[in-house]
Protein chains: 2
Amino acid sequence: MYTQTKIEIRKPAKDIFDAFINPSKIGNFWFSSSSERWSEGKAITIKYDEYEAEGIIHILTMIDSYKIVYEWGREDGEPHIVTIILHESQPDKTIVEVTEEGFDQDDPDVIHKLVDNKGGWVYALTCLKGYLEYGTSRLRAALVH
Amino acid sequence: MYTQTKIEIRKPAKDIFDAFINPSKIGNFWFSSSSERWSEGKAITIKYDEYEAEGIIHILTMIDSYKIVYEWGREDGEPHIVTIILHESQPDKTIVEVTEEGFDQDDPDVIHKLVDNKGGWVYALTCLKGYLEYGTSRLRAALVH
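**Student:** It is not clear to me how the relation of the copies chain B and chain A should be interpreted in this structure. Could you clarify?
**Tutor:** Superposition of the two copies of the chain requires a rotation about an axis and a shift along the axis. Of the transformation placing chain B onto chain A, the axial shift is 0.0 Å and the rotation is 180°, giving an RMSD of 0.0 Å. Expressed as an axis order, the relation between the two copies is that of a two-fold axis. Interface overlap between copies: 100% of the residues of chain B at the interface are likewise at the interface in chain A, consistent with a symmetric, same-surface contact.

**Student:** Help me understand the side chain of B:K118, please; the structure alone is not making it clear to me.
**Tutor:** Checked against the element boundaries, B:K118 lands in helix α2 (residues 110–134). For the buried B:K118, no salt bridge is present, and the opposite-charge side chain at shortest range is A:D116, 5.3 Å distant. In this structure the side chain of B:K118 is engaged in a polar contact, spanning 3.3 Å, whose partner is the side chain of B:T5. Among residues more than four places away in sequence, those in contact with B:K118 are A:V115, A:G119, B:T3, B:Q4 and B:T5.

**Student:** It is not clear to me how helix α1 (residues 13–21) of chain A should be interpreted in this structure. Could you clarify?
**Tutor:** Side chains three or four residues apart in an α-helix point the same way, a direct result of the helix having 3.6 residues per turn. Residue and element names in this part refer to chain A. Buried residues dominate α1, accounting for seven of its nine residues. Taken together, the buried positions of α1 are occupied by A13, I16, F17, D18, A19, F20 and I21. For α1, the secondary structure elements touched by its buried residues are β1 (2–9), β4 (53–63), β5 (67–72), β6 (80–90), β7 (93–101) and α2 (110–134).

**Student:** Looking at this structure, how should I read the sheet that holds strand β4 (residues 53–63) of chain B?
**Tutor:** All names here are of chain B. What the seven strands build is an open sheet, ordered β1-β7-β6-β5-β4-β3-β2; its pairing is antiparallel. With one partner strand each, in any of the chains shown, β1 (2–9) and β2 (33–34) form the two edges of the open sheet. In terms of strand pairing, strand β6 (residues 80–90) meets strand β7 (residues 93–101) through nine bridges, oriented antiparallel. Looking at the pairing, Q90 lines up with K93 of β7.

**Student:** Help me understand the pattern of salt bridges in this model?
**Tutor:** If charged atoms from side chains of opposite charge come close, those side chains can pair. The full count for this structure, using the stated rule, is 22 salt bridges over all chains. Across the pair A:R10 and A:E133 runs a salt bridge whose closest N-O atoms are separated by 2.6 Å. With A:R10 in the loop between β1 and α1 and A:E133 in helix α2, this pair connects stretches of sequence that are 123 residues apart. Linking B:K42 and B:E36 is a salt bridge whose minimum nitrogen-to-oxygen distance equals 3.0 Å.

Cut-offs and rules
Counting restarts for each chain: residues are numbered from 1 in the order of the written sequence. Just so you know, chain letters begin at A and ligand numbers begin at 1, following the order they were written in. Two thresholds apply to this predicted model, a pLDDT of at least 70 for residue-level local features and 80 or more for giving and counting side-chain atom pairs, whereas whole-chain, interface and lining totals are computed over all residues. By convention in this description, side-chain values take in all heavy atoms of the structure and omit both hydrogens and water. Only residues with pLDDT of at least 70 in both copies count here: their C-alpha atoms drive the least-squares fit that superposes the copies. Contacts are residue-level and defined by heavy atoms, with any inter-residue pair within 4.5 Å sufficient. Strands are runs of DSSP state E lasting at least 2 residues, helices are runs of H or I lasting at least 4, and numbering of each runs from the N terminus. Using a 1.4 Å probe on the protein chains alone, a residue whose accessible area is under 20% of its type maximum counts as buried, one over 50% counts as exposed, and one in between counts as partly exposed. His is not counted here, nor are the chain ends, while Lys and Arg score as positive and Asp and Glu score as negative. For this document, the term salt bridge refers to a Lys or Arg side-chain nitrogen within 4 Å of an Asp or Glu carboxyl oxygen. Whenever two N or O atoms come within 3.5 Å, that pair is a polar contact, provided that in protein one can donate a hydrogen and the other can accept it, and provided that, for residues adjacent in sequence, both atoms are side-chain atoms. For two strands to pair, DSSP has to find at least two bridges joining them.

Okay, structure coming up:
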């Protein structure tokens, strides 16, 4: 099972791509930090200082300004694959499409996990839109669990 | 079955309450319009111009700067109850808690509806946070379905 979220951001694909892979930008809309610049084959440590949490993501595929595929949860025995695709529809309008796969339909908690995951992606992408379009840097890390 | 979403907004509860009930504000973060100022007992027509959609919400309870309960979907035979509670934790910080009840666990499409609903609430509340904290008015209506 999977979740999918799509949002339109009024920026070129290259700006959105850079926001994901550039460790100086990610803290403005998503995790608090990533350990280095993302590139294919790397294992990146991402941290949420606010929740005292961290994890490792493995970058499987990167196509400049178009696509990022990474795996996370490998160390927890429940690997998920995340695919981010940037569809630039006009010079400064891009649909960001995120698909996360790997939910086990036999997990008794699967509905909760899907719902929570969808909320997380909508949140991250709305914060990304705010950051790129308006320069907001403190919309993130305000969802209460 | 229900969804619940909570977010912290760095504003007093009265400002958040007014953003929901004041028809001159709602178009900055959620629906494109509501037909009149919300108050207990009223039926309000809300519109999403972008999706050519409209609906009626029935305001069941309002407690100033603290709580709003409304019903929607009555006309479609699938009434949902939405409860918005504002927990002001400090003079300028409020947790907004939204619970939506009425999902039928026997509906074969219920997982999709819960996931979609959660995404919708996270989106509306993040746009509300952006609007009140930063003055963003065009984060809304960018999710692609």
